[in-house]
Amino acid sequence: MTKKNGSATPDKLGKSDYFEQLGAMQLELNEMARWLAHSRQRLVVVLEGRDTAGKGGVANAIAETLNPRQCRVVALGKPSEREAAQWYFQRYVPHLPAAGEIVIFDRSWYNRAGVERVMGWAGEAQVQAFLRQTPKFEKLLVDDGLLLFKYWLTVDQAQQEERFAERLNDPLKRWKLSEIDLQARQRYAAYGKARDAMLDATHSDQAPWTLVDFNDQRLGRLTLIRHLLDRLPDHPVPEKKLDFPPLEHAPLTEKFTAAPRPIPLLKWRAADHGKD
């Protein structure tokens, strides 16, 4: 367990150490983003794993300090009736990046080999067709120059149960828990079997899978981001220099001559909140 002051027990990464390492990696992510923009490369990061594994957390850790016009997280919901009648990969293609962009899929086309298969939403013929077609689909992407990195986040069931319980009891995380999640609790082994079949069919030289242990989410995030950075070329691109001369007058304040006006600020006293 992590102590309240941010330090950690010997077997767990502390919060302060985590943010220190994450901050350094986020600087590298920004350098990577400049290189992508300069080279006009396209990057896709696929994040897959069981419920509660930490896909959303690592997606946010990668994207939060990057330009949202360049980097976006894609987390698609249930397909519409029309989308369900399309070629399976069709709904994902419009979200692929253009030159210089980064797209992070928080779940992806691999839904068919995972949740759809385990929950019975896709027939066995559909699943087998997906497993045959996916390496071909991904080869087309890679052959066209797209940089594709696929990560599976692993989590043991005991840890998954703790996270489910946390979501149930935390009103700020309750939205993350659904009836489908609760059904998935009883299918841990079935998800493992489906995962193995998926990895066996879709792990290829052009689009390999990387498995990352996410039982400790902080350490898992750092491990995944480090791996991603190390797999990309190290070609520093200097930041564009901008002139920032001093103002030629004293700083101005906001003034309003017509409605509307700013609403009153909340009354705040640090002493009432135990802060300096």
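Residues numbered from 1 in each chain as written. Predicted model: local features only at pLDDT ≥ 70, side-chain atom pairs only at ≥ 80, totals over all residues. Heavy atoms only, no water.

Participant: Sorry if this is basic, but what is going on with the packing of aromatic side chains here?
Facilitator: Each pair of aromatic rings is reported with the distance of its centres and the angle of its planes. Within the structure shown, the criterion is met by 15 aromatic pairs. Seen from their ring centres, Y110 and F130 are 5.7 Å apart, and the 85° between their planes marks the pair as edge-to-face. Of this pair, Y110 sits in the loop between β3 (102-106) and α4 (115-118) while F130 sits in helix α5 (residues 124-143), and the two are 20 residues apart along the sequence. Each member of the pair Y110 and F130 is classed as buried. Among the aromatic residues, those joined into a ring-pair cluster are W87, Y88, F89, Y92, F105, W109, Y110, F130, F137 and W209. Looking at R50, its charged tip hangs above the ring of Y188, at a distance of 3.5 Å from the centre. (Phe/Tyr/Trp six-rings, centres within 6.5 Å; stacked < 30°, edge-to-face > 60°. Helix = DSSP H or I, 4+ residues; strand = E, 2+ residues; numbered from the N terminus. Buried < 20%, exposed > 50% of the residue type's maximum accessible area, 1.4 Å probe, protein only. Lys NZ or Arg CZ within 6 Å of the ring centre and 35° of its normal.)

Participant: Even after reading the chapter, I still don't get the pattern of salt bridges, so can you show me in this structure?
Facilitator: Pairing is possible between side chains of opposite charge, provided their charged atoms come close. Tallied over the full model, the rule gives 13 salt bridges. Linking D196 and R195 is a salt bridge whose minimum nitrogen-to-oxygen distance equals 2.9 Å. Given a relative accessible area of 43%, D196 falls into the partly exposed group. Ionic pairing is found between R226 and D230, a salt bridge with its closest N-O pair at 3.1 Å. With a gap of four residues between them, R226 and D230 both fall in helix α9 (residues 217-231), about one helical turn apart. Residue class for D230 comes out exposed when judged on its relative accessible area of 53%. (Salt bridge = Lys/Arg side-chain N within 4 Å of Asp/Glu carboxyl O.)

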